[in-house]
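# Chains, contacts and geometry: an overview
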Amino acid sequence: MEKIVVLASGNGSNFESIVKKTREWKLNIEITALITDNKNAFAVKRAGRLKVPVIILNYRDFASKDEYNRKLLKELKKLSPDLIVLAGYLRILPPFIVNEFKGKIINIHPSLLPAFPGLNAIERAFRAGVKYTGITIHYVDEGVDTGEIIEQRCIRIRGGETLSSLEKRIHRLEHYYYPRVIKDLLTEQSRSDIII
Ligand code: GRF
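In what follows, the accompanying structure is described. Quick caveat: nothing in here was measured; it's all calculated off a predicted structure. Residue positions are given per chain, counted from 1 along the sequence in the order it is written. Since the coordinates come from a predicted model, pLDDT governs what is reported: local features require at least 70, and pairs of side-chain atoms require 80 or more to be given and counted, while whole-chain, interface and lining totals use all residues. The basis for every side-chain value is the complete set of non-hydrogen atoms in the structure, without hydrogens or water.

## Quick word on the overall build of the chain
- The way it works is that DSSP assigns letters per residue, a run of H or I at least four long becomes a helix, a run of E at least two long becomes a strand, and they are numbered from the N terminus. Helix and strand counts for the chain come out as six helices and seven strands.
- Going residue by residue from the N terminus, the α and β elements of the chain occur as β-α-β-α-β-α-β-α-β-α-β-β-α.
- Over its C-alpha atoms the chain spans a radius of gyration of 16 Å, differing by no more than 12% from the 16 Å that the globule rule assigns to 196 residues.
- Accessible area is worked out with a 1.4 Å probe on protein chains only. A residue is then buried under 20% of its type maximum, exposed over 50%, and partly exposed in between. The buried share of the chain, taken over its 196 residues, is 48%.
- Method for areas: the Shrake-Rupley scheme with a 1.4 Å probe, in which residue coverage is limited to the protein chains shown. For the chain, the exposed area adds up to about 10,100 Å²; of that, 51% sits on carbon and sulfur atoms.
- Here Asp and Glu are counted as negative and Lys and Arg as positive; His is not counted, and neither are the chain ends. Just so you know, the charge point we use is NZ for Lys, CZ for Arg, CG for Asp and CD for Glu. Looking at the chain, you have 32 positive and 23 negative side-chain charges, and the mean spots of the two groups are 6 Å apart. Atoms considered for the radius of gyration are the C-alpha atoms alone. The globule rule reads 2.2 Å times the number of residues to the power 0.38.

Structural data, given as structure tokens:
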């Protein structure tokens, strides 16, 4: 069984789609835990519904960033995951975690990196008036959204598109591709070209 640990800070819709798809596809993959830095994250409720164990490391309860990250490292080591999946995790992983799990941490970002890294990427792309935007799935390194790119998918911004319609389309793309890329990474299949 390949073990995945998901890190999320908020809504958790990607987390949910990963759990559901990997179960639906009956893969040899198990989501062994959701770890969150935010006890109020909606992702925690989703995990309850999906019966995925949750580890809450409420960031505000730690004396320092370093203390928080040391505890996170300890929990990750205990779980010894094959893949750590960031899904709306809003903190930057320190070098001592990135190095410990080199090549085993991935993230999804809602723009075509290297364009629009960081927060509010969908909105920034929309306001910049770009004609194409999309999603990027990449390995995590010590920077912000800078790691090696694994997969990208793009969509055209339509005439009359609103920020909210664009957000919905981007999230649909994320929910479709993130589980598929994870499956391919863990089952070593070559990526078949999938058209949404
Ligand atoms: C997604 O748009 C993802 O690309 C970004 O954070 C958002 C998380 O959404 N990193 P959710 O919590 O999975 O609903």
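Following the structure, the description resumes.
## A word on the pattern of salt bridges
- The rule for a salt bridge is simple: a side-chain nitrogen of Lys or Arg has to be within 4 Å of a carboxyl oxygen of Asp or Glu. Applying the stated criterion to the full structure yields twelve salt bridges.
- The residue Arg 153 makes a salt bridge to Glu 151 at a minimum N-O spacing of 3.4 Å.
- Assessed through its relative accessible area of 15%, Arg 153 is described here as buried.
- Judged by relative accessible area, Glu 151 falls into the buried class, the value being 14%.
- A salt bridge links Lys 183 to Asp 184; its shortest N-O distance comes to 4.0 Å.
- Classification of Asp 184 as buried rests on a relative accessible area of 9%.
- Residues participating in the shared-partner salt-bridge network are Glu 16, Lys 20, Arg 46 and Arg 49.

## Points about the layout of surface pockets
- Of the voids in this model, the largest pocket is the one considered here, and its volume is about 980 Å³.
- Around the largest pocket, the lining is made up of 36 residues, and of these Gly 88, Tyr 89, Leu 90, Pro 110 and Leu 119 lie nearest the centre.
- With four residues, the single largest contributor to the lining of the largest pocket is helix 6 (residues 163-187).
- Gly falls in the polar group here, along with every residue not listed as nonpolar (Ala, Val, Leu, Ile, Met, Phe, Trp, Tyr, Cys, Pro) or charged (Asp, Glu, Lys, Arg). Within the lining of the largest pocket, the residues separate by chemical class into 13 nonpolar, 17 polar and six charged. Only protein atoms enter the calculation, which uses a 1 Å grid: trapped sets of points that fit a 1.4 Å probe without letting it out are cavities, open sets showing protein on both sides within 12 Å along at least five of seven lines are pockets, and any residue with an atom within 4 Å of a point is a lining residue. Grid points are joined across faces, edges and corners, and a volume is the space filled by probe spheres set on the points.

## Details of the site of the ligand
- Residues are labelled near a given molecule or strand when at least one of their non-hydrogen atoms is within 4 Å of it. In the region of the ligand, the neighbouring residues are Asn 11, Gly 12, Ser 13, Asn 14, Gly 88, Ile 108, His 109, Pro 110, His 171 and Glu 174.
- Here a polar contact is taken to be a pair of N or O atoms separated by no more than 3.5 Å, where protein atoms must pair a possible hydrogen donor with a possible acceptor and residues adjacent in sequence count only if both atoms sit in side chains. Asn 11 is positioned with one of its side-chain polar atoms (N or O) 3.0 Å from an oxygen atom of the ligand.
- Against a free-state accessible area of 370 Å², the protein chains account for coverage of 84% of the ligand.
- More than half of the atoms of the ligand fall within 2 Å of the grid points belonging to the largest pocket.
- Those elements that place two or more of their residues in the shell around the ligand are helix 1 (13-24), strand 5 (105-109) and helix 6.
- Residue composition of the shell around the ligand, by class: two nonpolar, seven polar and one charged. To be counted as sitting in a cavity or pocket, a molecule needs more than half of its atoms within 2 Å of that site's grid points.

## Concerning the packing of helix 5 (residues 121-128) against helix 6
- To get an axis, a line is fitted to the C-alpha atoms, and for a helix only the part in contact is used. The angle between two axes follows their N-to-C directions and goes from 0 to 180 degrees. Relative orientation of the contacting elements helix 5 and helix 6 amounts to 130°, with a least axis distance of 10 Å. When the axis of helix 5 is compared with that of helix 6, the two are oblique. In the crossing of helix 5 with helix 6, the sense of the turn from one axis to the other is right-handed. Every residue of helix 6 that contacts helix 5 at Ile 122, Glu 123, Phe 126 and Arg 127 is listed here: Leu 163, Leu 166, Glu 167, Ile 170 and His 171.
- In terms of residue class, the contact of helix 5 with helix 6 is made up of five nonpolar, one polar and three charged. Working definition: roughly parallel below 35 degrees, roughly antiparallel above 145 degrees, roughly perpendicular at 65 to 115 degrees, and oblique for all remaining angles. For a crossing to be left-handed, the near helix must be turned anticlockwise from the far one by less than a right angle; the clockwise case is right-handed. In what follows, residue pairs with any heavy atoms lying within 4.5 Å of each other are defined as contacts.

## Quick word on helix 6
- Each helix should span, by expectation, one fewer than its residue count multiplied by 1.5 Å. If you check helix 6, its first and last C-alpha atoms are 36 Å apart, about what 25 residues at 1.5 Å a residue would give, namely 36 Å.
- Positive phi shows up at Glu 188, right after helix 6, with a value of about 55°.

## Structural notes on the sheet that holds strand 5
- The sheet built from seven strands is open, its strands ordered 3-2-1-4-5-6-7 with mixed pairing. Only two strands of the sheet have a single neighbouring strand rather than two, namely strand 3 (54-56) and strand 7 (149-156). On average, each strand axis in the sheet is inclined to that of its neighbour by 20°, with strand direction left out of account.
- Strand direction decides the pairing type here: strand 1 (residues 2-8) and strand 4 (residues 83-86), joined by four bridges, are parallel. Looking at strand 4, one finds that Val 6 is bridged to Val 85.
- Its contacts with the sheet place helix 1 against strand 1, strand 2 (29-36), strand 4 and strand 5, and it is angled at close to 165° to strand 2.
- Sheet contacts for helix 6: strand 1, strand 2, strand 4, strand 5, strand 6 (132-139) and strand 7; angle to strand 6, the most-contacted strand, approximately 30°. Here, any two strands with at least 2 DSSP bridges between them count as paired.

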